[in-house]
Amino acid sequence: QVQLVDSGGGLVQAGESLKLSCAASGRTFNSYGMGWFRQVLGKAREFVAGISTSGITTAYADSVKGRFTISRDNAKNTVYLQMNSLKPEDTAVYYCAAATAPTSFFPSQYQYNYWGQGTQVTVSA
């Protein structure tokens, strides 16, 4: 069983930054592929960013490329999402997710078998 705890959300103005964190339980965190997704009420959950077990390979949604950075610290069992130049359309609940049998296609939600509780990010204009 893997437990994920998301944190770091909040209310910011457009152009500002936030850094989300996701702390994971378990001794084999370095074998999990990790991802960040977001969801707006009434809309489907969408992929934001993904990172390989080693942290060497990353992937981003086109809408956040160049503004968001995903990273991980396997010694701390934590994955991060640095969000810069935030826009009102980034407003959503953000979820981290863990794939215990990761594939190379990060956006596929079906591989993620554990999810955090979500953290609200609100960006005002």
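Note that this is a predicted model, so its numbers are computed, not measured.

Caption draft 1: Structural context of the overall build of the protein. In terms of regular secondary structure, the protein is built from zero helices and eleven strands. Taking 125 residues into account, the globule formula puts the C-alpha radius of gyration at 14 Å, and the protein, at 13 Å, falls close to it. C-alpha extents for the protein along the principal axes are approximately 40 × 25 × 25 Å. Burial analysis of the protein (125 residues in total) assigns 42% to the buried set. For the protein, the exposed surface amounts to about 6,300 Å²; the carbon and sulfur share of it is 50%. For the protein, the centre of its 10 positive side-chain charges and the centre of its 7 negative side-chain charges are spaced 6 Å apart.

Caption draft 2: Inspection of the pattern of salt bridges at higher detail. Counting across every chain of the model gives four salt bridges. A salt bridge links arginine 38 to aspartate 90; the nearest nitrogen and oxygen atoms lie 3.0 Å apart. With arginine 38 in strand S4 (residues 33-39) and aspartate 90 in the loop between strand S8 (78-83) and strand S9 (92-99), the pair connects residues that are 52 residues apart, well separated along the chain. Accessibility expressed as a relative area gives 6% for arginine 38, which makes it buried. The salt bridge involving aspartate 90 is made with arginine 67; its shortest N-O contact spans 2.8 Å.

Caption draft 3: How the structure looks around the nonpolar core. Grouped together as the largest cluster of nonpolar side chains are 36 residues, with contacts concentrated most on Leu4, Met34, Trp36, Leu81, Met83 and Tyr94. Elements with a minimum of two residues in this core: strand S3 (18-24), S4, strand S5 (46-51), strand S7 (68-73), S8, S9 and strand S11 (119-124). The leading source of residues in this core is S9, at six residues. When residues no more than four places from it in sequence are discounted, the contact partners of leucine 81 are Leu18, Lys19, Leu20, Trp36, Val48, Ala49, Phe68, Thr69, Ile70 and Tyr94.

Caption draft 4: Quick peek at the pairing of S3. The side-chain alternation of S3 yields one buried face, formed by Leu18, Leu20, Cys22 and Ala24, and one unburied face, formed by Lys19, Ser21 and Ala23. Two elements, strand S1 (residues 4-7) and S3, share four bridges in a ladder whose sense is antiparallel. Its bridge partner lying in S3, valine 5 is registered against alanine 23. Relative to S8, S3 is paired through six bridges, and the arrangement is antiparallel. Following the sheet pairing, leucine 18 is matched in S8 by methionine 83.

What counts, and where the lines are drawn
- Residues numbered from 1 in each chain as written.
- Predicted model: local features only at pLDDT ≥ 70, side-chain atom pairs only at ≥ 80, totals over all residues.
- Heavy atoms only, no water.
- Helix = DSSP H or I, 4+ residues; strand = E, 2+ residues; numbered from the N terminus.
- Rg over C-alpha atoms; globule rule 2.2 N^0.38 Å.
- Buried < 20%, exposed > 50% of the residue type's maximum accessible area, 1.4 Å probe, protein only.
- Areas by Shrake-Rupley, 256 points an atom, 1.4 Å probe, with all protein chains shown as cover.
- Lys, Arg positive; Asp, Glu negative; His and termini not counted.
- Charge placed at Lys NZ, Arg CZ, Asp CG, Glu CD.
- Salt bridge = Lys/Arg side-chain N within 4 Å of Asp/Glu carboxyl O.
- Core = buried A, V, L, I, M, F, W, Y, C linked by side-chain atoms within 4.5 Å.
- Contact = heavy atoms within 4.5 Å.
- Pairing = 2+ DSSP bridges.

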